[in-house]
Amino acid sequence: MSMVEQSLGQLARSIPGATQVFHEYELDFCCGGKKSLGEAAAQRSLDPTQIEARLIALSRNPPHEKDWGAASPAELIDHILARYHDVHRQQLPELIRLALKVEQVHADSPDCPTGLADHLRTMHQELESHMQKEEQVLFPMLARGHGAMATMPIMVMRMEHDDHGVALERLLALTNGLTLPRAACNTWRALYLGIRTFKEDLMAHIHLENNILFDDAGGRVPASPIPTQKE
């Protein structure tokens with residue numbers, strides 16, 4: 001099977017560094033990880049052979065990254081908790097603080113990301129609830145090797161991941177694709193830089209769970225439909 005026919009999730013899992021290529025082309029390898037490279041590229045009017053060439057080059061000279069697909073569930077969970085759960089809990093309060101300042105100081109600017117702080121607060125609340133359910137219920141089951149009993153919790157977590165994907169799309173819409181106005185102040189620049197880092201971290205976080213931890217736990221369930229945008 002050519003790379004163009006393989007799913008984004010599988011490519012992200014099997015080729016170290018592939019996720020950065022997908023970020024560059026704005027391809028969703030986490031919530032949209034079931035789509036083939038060809039399908040995802042076509043939806044964005046991209047040439048899949050160009051992306052495939054980048055991936056082939058990476059596969060021949062991979063960066064030194066840990067292969068989490070070869071890790072035990074307990075080891076991968078420990079990594080997710082330290083690298084993503086703990087980090088998100090630091091990122092979001094600071095992003096909310098910066099967004100409030102930008103919205104207050106630049107309220108009269110047509111480029112002001114009005115409503116951004118409120119959206120980040122909602123994301124913070126929903127992500128915190130989601131992470132607590134994983135930490136208290138699902139992760140202990142998977143760490144003990146009880147993945148076959150976790151089909152329903154995994155399905156719920158996948159659906160919530162889709163909700164996080166919709167929230168990220170809204171985040172990009174509010175910030176005009178993280179495009180800074182020419183006269184943006186340092187706070188505004190720090191805000192958008194922080195949001196970009198948070199977005200890439202959250203996508204990597206969801207990828208590790210959807211495409212590795214859940215799949216390897218026997219949680220292969222049909223991809224849930226993309227939820228409608230919440231008002």
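The rules behind the values
Every chain begins its residue count from 1, and numbering advances along the sequence as written. At least 70 in pLDDT is required for a residue's local features to be given in this predicted model, at least 80 for side-chain atom pairs to be given and counted, and no such filter applies to totals for whole chains, interfaces and linings, which use all residues. Side-chain numbers come from the whole structure's heavy atoms, not from hydrogens or water. Secondary structure elements follow DSSP: runs of H or I of four or more residues count as helices, runs of E of two or more count as strands, with numbering from the N terminus. Computation of the radius of gyration draws on C-alpha atoms alone. For the globule rule, the value is 2.2 Å times the number of residues to the power 0.38. Relative accessibility decides the category of a residue: with a 1.4 Å probe and only protein chains considered, values under 20% of the type maximum give buried, values over 50% give exposed, and everything between is partly exposed. By definition, residues are in contact when any of their heavy atoms lie within 4.5 Å. Per-residue accessibility takes into account occlusion by the displayed protein chains alone, with areas from the Shrake-Rupley method and a 1.4 Å probe. Within this scheme the basic residues Lys and Arg register as positive and the acidic residues Asp and Glu register as negative, but His and the chain ends are omitted. Note on charges: their place is set at NZ of Lys, CZ of Arg, CG of Asp or CD of Glu. By convention, a stacked pair of Phe, Tyr or Trp rings (six-membered ring in the case of Trp) has centres within 6.5 Å and planes under 30 degrees apart, an edge-to-face pair has planes over 60 apart, and any other such pair is tilted. Two cysteine sulfurs form what is called a disulfide whenever their separation falls within 2.5 Å. The set of buried Ala, Val, Leu, Ile, Met, Phe, Trp, Tyr and Cys residues whose side-chain atoms join them within 4.5 Å is what this entry labels a nonpolar core. Interaxial angle, 0 to 180 degrees, is taken between N-to-C directions of lines fitted to C-alpha atoms, where a helix line uses only the stretch in contact. If an angle is under 35 degrees, it is roughly parallel; if it is over 145, roughly antiparallel; if it lies from 65 to 115, roughly perpendicular; otherwise it is oblique. Whether a crossing is left-handed or right-handed is set by the direction in which the near helix is turned from the far one by less than a right angle, anticlockwise for left-handed and clockwise for right-handed.

Colleague: Describe the overall build of the protein, naming the residues involved and giving the relevant values.
Modeller: Summing up its helical and strand segments, the protein has eight helices and zero strands in all. In sequence order, the protein lays out its α and β elements as α-α-α-α-α-α-α-α. Its C-alpha atoms give the protein a radius of gyration of 18 Å, within 12% of the compact-globule value 17 Å for 231 residues. Dimensions of the protein, computed from the C-alpha atoms along their principal axes, are close to 55 × 45 × 35 Å. When each of the 231 residues of the protein is scored for burial, the buried share is 45%. Taking all contacts inside the protein whose residues are at least 6 apart in sequence as the whole, residues at least 24 apart take part in 76%. As displayed, the protein has an accessible area near 12,000 Å², and 52% of this comes from carbon and sulfur atoms. Charge-centre separation for the protein: the mean point of 22 positive side chains lies 2 Å from the mean point of 31 negative side chains.

Colleague: Let's hear about the packing of aromatic side chains: which residues, and what values?
Modeller: Each aromatic ring pair is summarised here by two numbers: the centre-to-centre distance and the angle between the ring planes. According to the stated counting rule, one finds two aromatic pairs in the structure shown. Both rings, one in Trp188 and one in Tyr192, keep their centres 6.3 Å apart while their planes meet at 90°; by these two values the pair is edge-to-face. In this pair, Trp188 and Tyr192 both sit in helix α8 (residues 186-216), four residues apart, roughly one turn of the helix. On the accessibility criterion, Trp188 (2% relative accessible area) is buried.

Colleague: Help me get a handle on the state of the cysteines, residues and values and all.
Modeller: Following the criterion strictly, the structure yields zero disulfides and no others. Unpaired in terms of disulfides, Cys30 finds its nearest cysteine sulfur in Cys31, a separation of 4.1 Å. Since its relative accessible area comes to 3%, Cys30 is described here as buried. This cysteine, Cys185, is not joined by any disulfide, and Cys112 carries the nearest cysteine sulfur, 10 Å off.

Colleague: Could you give an account of the nonpolar core, with specific residues and numbers?
Modeller: The tendency in soluble globular proteins is for nonpolar side chains to be buried side by side. With 45 residues, the main nonpolar core has Phe22, Ile51, Leu55, Leu116, Leu191 and Phe198 as its most contacted residues. If you list the elements that add at least two residues to this core, you get α1 (8-14), α2 (18-24), α3 (37-43), α4 (48-60), α5 (73-105), α6 (116-143), α7 (151-174) and α8. Among the elements that line this core, the one with the most residues is α8, at eight residues. When near neighbours in sequence (up to four residues on either side) are disregarded, Ile51 contacts Val21, Phe22, Tyr25, Leu27, Leu37, Ala41 and Leu46. Core analysis: the next-biggest nonpolar cluster, separate from the first, contains 19 residues, Trp68, Met157, Leu208 and Ala217 among them.

Colleague: Go over the packing of α6 against α8 with me, naming the residues and quoting the values.
Modeller: It is the contact of α6 with α8, at a shortest axis distance of 14 Å, that shows an interaxial angle of 25°. Classified by the interaxial angle, the pair formed by α6 and α8 is roughly parallel. As α6 packs across α8, the resulting crossing turns out to be left-handed. Residues Leu116, Met123, Leu127, His130, Met131, Glu134, Leu138, Phe139 and Leu142 of α6 form the contact with α8, whose own contacting residues are Leu191, Tyr192, Ile195, Phe198, Leu202, His205, Glu209, Leu213 and Phe214.

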